[in-house]
Structures are given as C-alpha cells and as structure tokens.
Amino acid sequence: MASFSSIQPAAAQPPSSTATSSRTSHLLSHHQHPDQLSLPSPPPSHRRLRRRPHCIRAIDAAQPYDYEAYLFNRFSQSSKLKIAVVGFGNFGQFLAKAFIRQGHTVFAHSRSNYHAVAQSLGAAFFTDPHDLCEQHPDVILICTSVISTESVLRSLPLQRLRRNTLFVDVLSVKEFPKNIFLQVLPHHFDVLCTHPMFGPESGKVTWQNLPFVFDKVRIGNEDSRVNRVETFLDIFKKEGCTMVEMSCSEHDRYAAGSQFITHTMGRILEKLQLESTPINTKGYETLLNLVENTASDSFDLYYGLFMYNKNAMEQLERLDLAFEALKTELFGHLHEALRKQLFGKSEEGGHRRPMLAKLPKNGTPLLPPQSEAVANKNN
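Residues numbered from 1 in each chain as written. Predicted model: local features only at pLDDT ≥ 70, side-chain atom pairs only at ≥ 80, totals over all residues. Heavy atoms only, no water.

As for the layout of surface pockets
So, step 1. Roughly 1300 Å³ of volume is contained in the largest pocket.
So, step 2. Taken together, 44 residues form the lining of the largest pocket, with Phe91, Ser172, Asp297, Ser298 and Leu301 sitting closest to its centre.
So, step 3. Counting residues per element, the ones that place at least two in the lining of the largest pocket are helix H3 (90–101), helix H6 (149–155), strand S6 (190–196), helix H9 (248–271), helix H10 (282–295) and helix H11 (299–307).
So, step 4. Of the residues belonging to the lining of the largest pocket, the class tally is 17 nonpolar, 23 polar and four charged. (1 Å grid on protein atoms, 1.4 Å probe; cavity = no way out; pocket = protein on both sides within 12 Å on 5 of 7 lines; lining within 4 Å. Points joined across faces, edges and corners; volume = space filled by probe spheres on them. Helix = DSSP H or I, 4+ residues; strand = E, 2+ residues; numbered from the N terminus. Nonpolar A, V, L, I, M, F, W, Y, C, P; charged D, E, K, R; others polar.)

See the structure below:
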C-alpha cells in the first residue's frame, strides 16, 4: 500500500479503521485514475505551500510498448541479410530455403519465370535485373552454370547496387569465377568464392558435417563488411556444415581428383544403363546411388568441371591409363590360364603375370619429355 506525506510515520499510533475508511472514500470520490491518487486539499494555513501530488506507480507497470522487445527485434533485423539469388534453378532454390529458414530476406532472379516457386518459398522474384538491384541487396549470390557465369555477371546493372555489395559464387570450380569477378567487378565490391560440397540430393536430409569450402578473395577492412561476410558464412555453420577455408587454386586441384572423377564414373555407369535387381549387393547399391546423384545434374555442370578446371584433363588421362593397365593385367591372367590348358603346366622358369602398374602421383607428367622420347626413338 502506497504512503502519503500527510499520514503519520510508522512509529506513531496508526489511525483507526473508521478514519482510514473515511479517508479512502474521500480519495475515491474524486473519480481519479486508480494509479494516480491526489491528496486532499491542505488546510487554509498551508495553501500557500505548493506541493506536487503524490502518485502510486508500480515498478512493473505496462509500458506503451515493450522497449526491450523492440531493441531485440531491431538487433535481430540488423543481423539479417538481404540476399539476391541470381540463377533460381534447382540449386538456387535449395539454398534459398535455408536462407529463409534462418530469417534472411531472399530476392530471386532467373531467365525462367520462377515467380510461383519463389512465392511459395517466401522469396520475392524479379524478372528484370534492374528491379532486383534497386532493392540494394547485401549479397549477390551467383547460382548459374559455370558456362553462363560471365555473361550473367556482365548483364547485371552494377551501377544500381551499393558500392560495397558482397558478391558470392557457389560454382563447382573456383579459379575461373575468381578471375571473372576480379576482371568484371569494380574494386569497391567484395568477393567471396565458395563451394558447398553437396547438392539437393546429397543434402536433402541434413547438411550436418558436409564440407563447405570458401576463400575470402577480396573483403574490405570496415567492420560492417567483415561482419557481413561472417554473417553469410554463419548460415552454413548453423546448418552444421564443416567449414573449410582454402584457396581457389588448391580447391581446384583437390576437386579434379575427387569431384570430377566422381562425376565421370557416374556418367560412365549411366551409359551402361544399370538397373536394380532382386539380389543387389551393398556395393551395387552404392553404384546406383552414384548414378542417381550425378546424372540428376545438368551436363553443363559436368562440362564446366572439365572445361574450367585445368587439372581435369590430367585426371581424364590418368583414368584412361588406369583402365588400359587394368585390361592388360586382366588379359595377362587369361593368357596364363589358356597356356595351362594347352600345355598342362606353365613353362619352365615360370611366366610372370603382368601386374597393374602404379600410375604416377597427381601433378607428375604422364608422358616423358619430348627430348627423351626422341632419344629413345633414335636408339
């Protein structure tokens, strides 16, 4: 219960219940708000003393708005990005779902009209790149095929963007888009090259522990620009990805020996038209899954892995040599079996089986230098 200056101190004799009731009735008769009750008028002898009315205020009284929630929402909005996805096909939609799920704003643009798809996901679709850039996105995410990357990048009206906009790619090769970005984009734009090492098929259930490779090619020194890059990378961290910072050249060297070989084997098996059987082994199921994961991607993606990664040709030659060496070893065993059937046993001294030769390590020239080849020919 609130106290008034005119009420006696606690040490004095408390007023009777009759007096208290009378005073309360007198206060309430003025029809004042229950949260602000004024004292009765002072006696005539004290009227020249001006007193401020006493108010009853609750510490936890409801405010016109929840300021604490307002600050929280304002901070949350400041930590969210406006991401423009250029190339809203299968992979672009796949990434956009994660962006929207984490509260970021997504704008979409593509050659085909994906307005209905974007609306269903909670994104805004723009058919005109000028309209897209006038939204001043924080991030431009290039999700096109490798082949069309340069033409799409040059078609964007860069003058309509903010001068420090962050450009990101998610292509399967890294040296090529890096060089295109540095050639086409003015120096005041930031550049981040990335490669999610998964796709709509391999990442349809979860991104947990899936590798995400990135290279901070050109990032401004301002705190806002550094924080923006970290905010974008945090999207993939929160989804559980294993974050791998790696240079673009190093990525392409590893990718040629892993991703390109994987897609090549998947394409070869697709040509064989493998079918599931009632007696599938685990190994055969793995091959069928490989075909499904690789054949669902466009041939442009596979062609880009070959055309725009200088290490891919070496891997293709190594694959060809490995297949020839395997056939040599296989036919060598067959030749020995035929000799045993014809002659009853191996010749004296034994016939050495041809063994599968080990190929040189990656990066080692597969053919001898031309000078050595000429010398051997002359001998």
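What to know about the state of the cysteines
So, step 1. Tallied over the entire structure, the rule returns zero disulfides.
So, step 2. In this structure cysteine 248 is not part of a disulfide, and its nearest cysteine sulfur, from cysteine 193, lies 4.1 Å away. (Disulfide = S-S within 2.5 Å.)

Remarks on the nonpolar core
So, step 1. The biggest cluster of nonpolar side chains holds 32 residues, and the ones touching the most others in it are Ile83, Leu95, Phe99, Leu141, Trp207, Phe232 and Phe236.
So, step 2. Counting only elements with at least two residues in this core, the list comes to strand S1 (82–86), H3, strand S2 (105–109), strand S4 (139–142), strand S5 (166–169), strand S7 (211–218) and helix H8 (223–238).
So, step 3. Setting aside anything within four residues of it in sequence, one finds phenylalanine 232 in contact with Leu81, Ile83, Phe99, Val139, Leu141, Val168 and Leu192.
So, step 4. Counting residues in each nonpolar core, the second largest holds 30 residues, with Val146, Leu171, Cys248 and Tyr302 among its members. (Core = buried A, V, L, I, M, F, W, Y, C linked by side-chain atoms within 4.5 Å. Buried < 20%, exposed > 50% of the residue type's maximum accessible area, 1.4 Å probe, protein only. Contact = heavy atoms within 4.5 Å.)

Here's the deal with the sheet that holds S4
So, step 1. Reading across from one edge, S3-S2-S1-S4-S5-S6-S7-S8 is the order of the eight strands in this open sheet, with mixed pairing throughout. The open sheet terminates on both sides in strands that have one partner only, identified here as strand S3 (124–125) and strand S8 (242–245).
So, step 2. Two elements, S1 and S2, share five bridges in a ladder whose sense is parallel. Directly across from isoleucine 83, in S2, lies its bridge partner valine 106.
So, step 3. Across the face of the sheet, H8 comes into contact with S1, S4, S5, S6, S7 and S8 while running at roughly 170 degrees to S7. (Pairing = 2+ DSSP bridges. Axes fitted to C-alpha atoms, helices over the stretch in contact; angles between N-to-C directions.)

Some words on the environment of proline 211
So, step 1. Mapped onto the fold, proline 211 is located in strand S7.
So, step 2. We classify proline 211 as partly exposed; its relative accessible area is 32%.
So, step 3. Residues proline 211 and cysteine 241 lie 30 residues apart in sequence; the distance between their C-alpha atoms is 5.7 Å.
So, step 4. With residues near it in sequence (within four places) discarded, proline 211 still touches His195, Pro196, Met197, Phe198 and Thr242.

What about the packing of aromatic side chains?
So, step 1. All told, the structure shown has 17 aromatic pairs when counted by the stated rule.
So, step 2. On the numbers, 5.3 Å between centres and 50 degrees between planes, the contact of phenylalanine 94 with tryptophan 207 is tilted. Taken together, the residues phenylalanine 94 in helix H3 and tryptophan 207 in the loop between S6 and S7 connect sequence positions 113 residues apart.
So, step 3. Under the relative-accessibility criterion, phenylalanine 94 is labelled buried at 12%.
So, step 4. Summarising the aromatic geometry, the rings of phenylalanine 167 and phenylalanine 189 are spaced 5.4 Å apart at their centres and angled 75 degrees between planes, so their arrangement reads as edge-to-face. A residue pair is termed long-range when its members are at least 10 positions apart, and phenylalanine 167 in strand S5 and phenylalanine 189 in the loop between helix H7 (175–184) and S6 qualify at 22 residues.
So, step 5. Counting every residue linked through ring pairs, the aromatic cluster contains Phe91, Phe94, Phe99, Phe198, Trp207, Phe212, Phe232 and Phe236.
So, step 6. Positioned above the aromatic ring of tyrosine 254 is the side chain of arginine 253, whose terminal nitrogen or guanidinium carbon lies 5.8 Å from the ring centre. (Phe/Tyr/Trp six-rings, centres within 6.5 Å; stacked < 30°, edge-to-face > 60°. Lys NZ or Arg CZ within 6 Å of the ring centre and 35° of its normal.)

Some words on the side chain of threonine 144
So, step 1. Structurally, threonine 144 can be placed in the loop between S4 and H6.
So, step 2. Once residues within four sequence positions are removed from consideration, threonine 144 is found in contact with Val86, Gly87, Thr149, Val152 and Leu171.

Observations regarding the packing of H9 against H10
So, step 1. Orientation of H9 relative to H10, taken along the N-to-C sense of each, is 105 degrees, at an axis distance of 8 Å. It follows that H9 is roughly perpendicular to H10 by the angle criterion. Residues Thr262, His263, Met265, Gly266, Arg267, Leu269 and Glu270 of H9 form the contact with H10, whose own contacting residues are Leu287, Leu290, Val291, Thr294 and Ala295.
So, step 2. Considering only residue class, the contact of H9 with H10 consists of six nonpolar, four polar and two charged. (Parallel < 35°, antiparallel > 145°, perpendicular 65-115°, else oblique.)

Here we look at H10
So, step 1. Over its 14 residues, H10 extends 20 Å from the first C-alpha to the last, a length consistent with the 20 Å expected when each residue adds 1.5 Å.
So, step 2. Packing partners of the buried residues in H10 comprise H9. (Expected span 1.5 Å × (residues − 1).)

Let's talk about unusual backbone geometry
So, step 1. Of note in the backbone geometry, asparagine 209 takes a positive phi value of approximately 65 degrees without being a glycine.
So, step 2. Judged by its relative accessible area of 55%, asparagine 209 is exposed.
So, step 3. Look at glutamine 273: it is not a glycine, yet its phi comes out positive at around 55 degrees.
So, step 4. Within the secondary structure, glutamine 273 sits in the loop between H9 and H10.

Side note on the pairing of S8
So, step 1. Pairing analysis gives four bridges linking S7 to S8, with the strands arranged parallel. Residue pairing across strands places proline 211 opposite threonine 242, the latter belonging to S8.

Remarks on the pattern of salt bridges
So, step 1. Under the criterion given, the structure shown has 13 salt bridges.
So, step 2. A salt bridge links aspartate 138 to arginine 162; the shortest N-O distance between them is 2.5 Å. Here aspartate 138 is found in the loop between helix H5 (129–133) and S4, whereas its partner arginine 162 is found in the loop between H6 and S5, with 24 residues between them in sequence.
So, step 3. What makes aspartate 138 buried here is its relative accessible area of 14%.
So, step 4. Note on arginine 162: relative accessible area 34%, which makes it partly exposed.
So, step 5. Here lysine 216 ties to glutamate 230 by a salt bridge, and the two come within 2.7 Å at their closest N and O atoms. Of this pair, lysine 216 sits in strand S7 while glutamate 230 sits in helix H8, and the two are 14 residues apart along the sequence.
So, step 6. Here lysine 216 falls in the partly exposed class, since its relative accessible area comes to 33%.
So, step 7. Judged by its relative accessible area of 26%, glutamate 230 is partly exposed.
So, step 8. A cluster of three or more residues bridged by salt bridges with shared partners is formed by Asp190, Glu222, Arg225 and Arg228. (Salt bridge = Lys/Arg side-chain N within 4 Å of Asp/Glu carboxyl O.)

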